[in-house]
Amino acid sequence: MSTAIKPKHIGRNISRIRELKDMKQEALAQAIGTNQQTISAIENSETVDEQKLIEIAKALGVSVEAIKNFSEEAVFNIIGNTFQDHSAITSGDYNCNCTFNPLDKVVELYERLVQAEKDKVEYLEKLLNGK
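Residues numbered from 1 in each chain as written. Predicted model: local features only at pLDDT ≥ 70, side-chain atom pairs only at ≥ 80, totals over all residues. Heavy atoms only, no water.

Participant: Can you help me understand the overall build of the protein chain in this one?
Facilitator: Looking only at helices and strands, one finds eight helices and zero strands in the protein chain. Its helices and strands in sequence order give the protein chain the pattern α-α-α-α-α-α-α-α, from N to C terminus. Within the protein chain, buried positions represent 18% of all 131 residues. Counted over contacts in the protein chain with a minimum sequence separation of 6, partners at least 24 positions apart contribute 61%. Counting every atom, the protein chain has about 10400 Å² of accessible surface; 54% of that belongs to carbon and sulfur. (Helix = DSSP H or I, 4+ residues; strand = E, 2+ residues; numbered from the N terminus. Buried < 20%, exposed > 50% of the residue type's maximum accessible area, 1.4 Å probe, protein only. Contact = heavy atoms within 4.5 Å. Areas by Shrake-Rupley, 256 points an atom, 1.4 Å probe, with all protein chains shown as cover.)

What follows is the structure, given as structure tokens:
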């Protein structure tokens, strides 16, 4: 009995990540400067050239390690653990807790707007004084 572990199918991982990102083969091909047939061939191959893998990872917005270690089970665990109350999800009544204080963001935006107006006034005063 063999205990050898079958290597991960890198092409299949690329395909699944691409699909999860709602990207078509044509879009990925264009992003890395190739054609759709090449992407199809890559997704059907068990191994991928390291340089090509780096290009694909960049185009997909993930790391090379994310492609190599991709696991459907992990994705479903993350999604399953994100929401605690499944009945709330189905009813559409789930609470998303903010990780920031919305009021702080409003104050920050207001301060940036005030500073922009001050900069405009200063610029206009310089123009008037320069004439």
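Participant: What am I meant to see in the side chain of R18 here?
Facilitator: Secondary-structure assignment places R18 in helix 1 (residues 10-20). In this view, R18 contacts M23, K24, Q25, L28, E43 and L60; residues no more than four positions away in its chain are not counted.

Participant: When you look at the environment of K58 in this model, what are you seeing that I'm missing?
Facilitator: The topology assignment puts K58 in helix 4 (residues 50-60). Along the chain, K58 and I32 lie 26 residues apart, while their C-alpha atoms are 8.8 Å from each other.

Participant: Looking at this model, I keep getting lost on the nonpolar core. Mind explaining?
Facilitator: Side chains of nonpolar character tend, in soluble globular proteins, to be buried together. Ranked by size, the top nonpolar core spans 16 residues in total, and within it I14, L28, L53, I56, L60 and I67 carry the most contacts. Broken down by secondary-structure element, the contributors of at least two residues to this core are helix 1, helix 2 (25-32), helix 3 (36-44), helix 4 and helix 5 (64-68). Considering every element that reaches this core, the biggest residue donor is helix 4, with four residues. (Core = buried A, V, L, I, M, F, W, Y, C linked by side-chain atoms within 4.5 Å.)

Participant: What's the story with the pattern of salt bridges in this structure? I'm lost.
Facilitator: Think of it this way: side chains of opposite charge can pair up when their charged atoms draw near. Under the criterion given, the structure shown has seven salt bridges. Linking K52 and E55 is a salt bridge whose minimum nitrogen-to-oxygen distance equals 3.9 Å. Placement of the pair is K52 and E55 together in helix 4, with a separation of three residues, close to one helical turn. A relative accessible area of 29% places E55 in the partly exposed class. For the salt bridge of E117 with K120, the shortest nitrogen-to-oxygen distance reads 3.3 Å. A residue pair is termed a helical-turn pair when its members lie 3 or 4 positions apart in one helix, as E117 and K120 do in helix 8 (residues 102-130) at three residues. (Salt bridge = Lys/Arg side-chain N within 4 Å of Asp/Glu carboxyl O.)

Participant: Honestly, the side chain of E43 in this entry has me stumped. Any pointers?
Facilitator: Turning to its location among the elements, E43 is positioned in helix 3. Contact partners of E43, with chain neighbours within four places excluded, come to H9, G11, R12, I14, S15, R18 and Q25.

Participant: Please explain unusual backbone geometry as it appears in this structure.
Facilitator: Backbone phi values are negative for most residues with the exception of glycine, while trans is the configuration of most peptide bonds. For D22, which is not glycine, the phi torsion reads 55° and is therefore positive. You can see D22 is positioned in the loop between helix 1 and helix 2. A relative accessible area of 71% means that D22 is categorised as exposed.

Participant: What exactly am I supposed to notice about the environment of A27 here?
Facilitator: One can find A27 in helix 2. Overall, the relative accessible area of 35% leaves A27 in the partly exposed class. Sequence-wise, A27 and I39 are twelve residues apart; in three dimensions their C-alpha atoms are separated by 9.9 Å.

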